[in-house]
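Report on the structure
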Amino acid sequence: PRPSPPHHPLIPADYQLIGQPVLIGGTMGTCSYVLTGTQRGMDETFGSTCHGAGRAQSRNRSRRALSYDQVLQKLHDQGISIRVASPKLVMEEAPESYKDVTEVVDTCHHAGISQKVIKLRPIAVIKG
C-alpha cells in the first residue's frame, strides 16, 4: 500500500485533508484496519506501510497443526460466517497462521509512518 500524506498532489481531492487511506487486512477471525499516510512515512519509507500481519507459520505447518472443525467452530463462536472452495484453505488461512495484525499496525502507527483511522471487525469470509 502507498498511503500518501495529507496535501499530497497525487491523491484525490476528497482525501487531501486526511491523506490517502489504505486497507490493512487481518485474518479470517481478527480485525482489519484503515490507515492513512503521513509525511514521515513519505519521507522515510517512500510512502509505504505494512501490507497485513504476515504469516506466523507456513501453509503446510498450518494444515498439519490445525483442525478444520476447530477452526470453523472458533469462527462460528465469534459470529463469523465462512464459505470456502477447499477445506485446506480453512487451516492455511486460520487466524493462528498469522502474526497479530494489531501489533503490526500499532508498530507502523507508533513509528509515524502511517496513522490508524478505524478498526474493522469481520462478519463473513469468502475464500477460494
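Anything mentioned here points back to the structure above.
Below you will find a few notes about this structure. (Residues numbered from 1 in each chain as written. Predicted model: local features only at pLDDT ≥ 70, side-chain atom pairs only at ≥ 80, totals over all residues. Heavy atoms only, no water.)

Once that is clear, we can look at the overall build of the chain. Within the chain one finds five helices and five strands. Reading the chain from its N terminus to its C terminus gives the helix and strand order β-β-α-α-α-β-α-α-β-β. Taken along the three principal axes of its C-alpha coordinates, the chain extends 50 × 25 × 20 Å. Within the chain, the fraction of its 128 residues that count as buried is 40%. Long-range pairs, those at least 24 residues apart, make up 69% of the contacts in the chain between residues at least 6 apart in sequence. A total accessible area of about 7,600 Å² is found for the chain, and carbon and sulfur atoms account for 54% of it. (Helix = DSSP H or I, 4+ residues; strand = E, 2+ residues; numbered from the N terminus. Buried < 20%, exposed > 50% of the residue type's maximum accessible area, 1.4 Å probe, protein only. Contact = heavy atoms within 4.5 Å. Areas by Shrake-Rupley, 256 points an atom, 1.4 Å probe, with all protein chains shown as cover.)

Of all hydrophobic cores here, the largest spans 13 residues; its most connected members are Ile 24, Tyr 33, Leu 35, Cys 50, Val 101 and Val 105. Broken down by secondary-structure element, the contributors of at least two residues to this core are strand S1 (21-24), strand S2 (32-37) and helix H5 (101-111). Ranked by the residues each element gives to this core, the list is headed by H5, at four residues. The next biggest cluster of nonpolar side chains, apart from the first, holds 10 residues, and it includes Met 28, Leu 66, Ile 82 and Ala 94. (Core = buried A, V, L, I, M, F, W, Y, C linked by side-chain atoms within 4.5 Å.)

Before going further, it helps to spend a moment on the pattern of salt bridges. Close approach of charged atoms lets side chains of opposite charge pair. Applying the stated criterion across every chain yields a total of eight salt bridges. Close ionic contact of Lys 127 with Glu 93 constitutes a salt bridge, the shortest N to O distance being 3.7 Å. Of this pair, Lys 127 sits in strand S5 (residues 124-127) while Glu 93 sits in the loop between helix H4 (87-92) and H5; the two residues are 34 residues apart in sequence, bridging distant segments of the chain. We classify Lys 127 as partly exposed; its relative accessible area is 26%. Classification of Glu 93 as buried rests on a relative accessible area of 10%. Two residues, Lys 116 and Asp 106, come together in a salt bridge whose shortest N-O distance is 2.6 Å. Of this pair, Lys 116 sits in strand S4 (residues 114-120) while Asp 106 sits in helix H5; the two residues are 10 residues apart in sequence, bridging distant segments of the chain. Exposure remark for Lys 116: the relative accessible area of 32% places this residue in the partly exposed category. Several salt bridges converge on common partners, so that one network encompasses Arg 55, Arg 59, Arg 63, Glu 92, Glu 93 and Lys 127. (Salt bridge = Lys/Arg side-chain N within 4 Å of Asp/Glu carboxyl O.)

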